[in-house]
Amino acid sequence: MSGFAKNLKSKLFGKSNKASHTASGKQPEPAFSIQPHPATTNDPADLQAPGGLKHNGAMDAFHARDPHVPSDTIRNNLPEPLTRKELHARQAELNN
């Protein structure tokens, strides 16, 4: 490669050819370092993202309120449940 091309390459890629090679013509070995671990305790649950029953919000299972009991007017206005025969007939109607 000509000197002009080497000079242009070093300016474009921000590194010189001479600095990247050692005296023997080989590229230097990559350097590795140890990264810190995010754990502060030995409990593996500390590393897991909250989810399911452990998301520390208003939807937590242990912070749930009493079950909803509808008022008398709503309960009295509900239709009667369908019989087993009616349900089977409705199922056959929907599946066909």
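Since the model is a prediction, treat every value here as computed from it, not as a measurement. (Residues numbered from 1 in each chain as written. Predicted model: local features only at pLDDT ≥ 70, side-chain atom pairs only at ≥ 80, totals over all residues. Heavy atoms only, no water.)

Q: Where do I start with the overall build of the protein in this structure?
A: Counting its regular elements, the protein contains 4 helices and 0 strands. Taken from N to C terminus, the helices and strands of the protein fall in the order α-α-α-α. Residues counted as buried form 1% of the 96 residues belonging to the protein. Taken as a whole, the protein presents about 9900 Å² of accessible surface, with 58% of it coming from carbon and sulfur. (Helix = DSSP H or I, 4+ residues; strand = E, 2+ residues; numbered from the N terminus. Buried < 20%, exposed > 50% of the residue type's maximum accessible area, 1.4 Å probe, protein only. Areas by Shrake-Rupley, 256 points an atom, 1.4 Å probe, with all protein chains shown as cover.)

Q: Just checking my understanding: could you explain the confidence of the model for the protein for this structure?
A: A low pLDDT means the predicted coordinates there should not be read in detail. Across the protein, the average pLDDT comes to 77, with 68% of residues at 70 or higher. Mean pLDDT values for the elements of the protein range from 50 in helix α2 (residues 17-20) up to 96 in helix α4 (residues 84-95). (pLDDT = per-residue confidence, 0-100.)

Q: Even after reading the chapter, I still don't get the pattern of salt bridges, so can you show me in this structure?
A: Side-chain pairs of opposite charge can arise whenever the charged atoms involved come near each other. Summed over all chains, the structure comprises 2 salt bridges. Arg75 is the partner of Asp72 in a salt bridge, and the nearest nitrogen-oxygen pair spans 2.7 Å. In this pair, Asp72 and Arg75 both sit in helix α3 (residues 72-76), 3 residues apart, roughly one turn of the helix. Classification of Arg75 by relative accessible area gives partly exposed; the value is 43%. Across the pair Glu93 and Arg90 runs a salt bridge whose closest N-O atoms are separated by 3.1 Å. With Glu93 and Arg90 both in helix α4 and 3 residues apart, the pair spans about one turn of that helix. A residue is classified by how much of its surface remains accessible, and Arg90, at 41% relative accessible area, is partly exposed. (Salt bridge = Lys/Arg side-chain N within 4 Å of Asp/Glu carboxyl O.)

Q: I'm lost on a nonpolar patch on the surface in this one. Help?
A: On the surface, a nonpolar cluster with roughly 510 Å² of combined accessible area is contributed by Phe4, Leu8, Leu12 and Phe13. For Leu12, the position within the fold is in helix α1 (residues 3-13). (Patch = residues over 30% accessible without salt bridge, like charges linked within 9 Å, V, L, I, M, F, W, Y side chains within 5 Å.)

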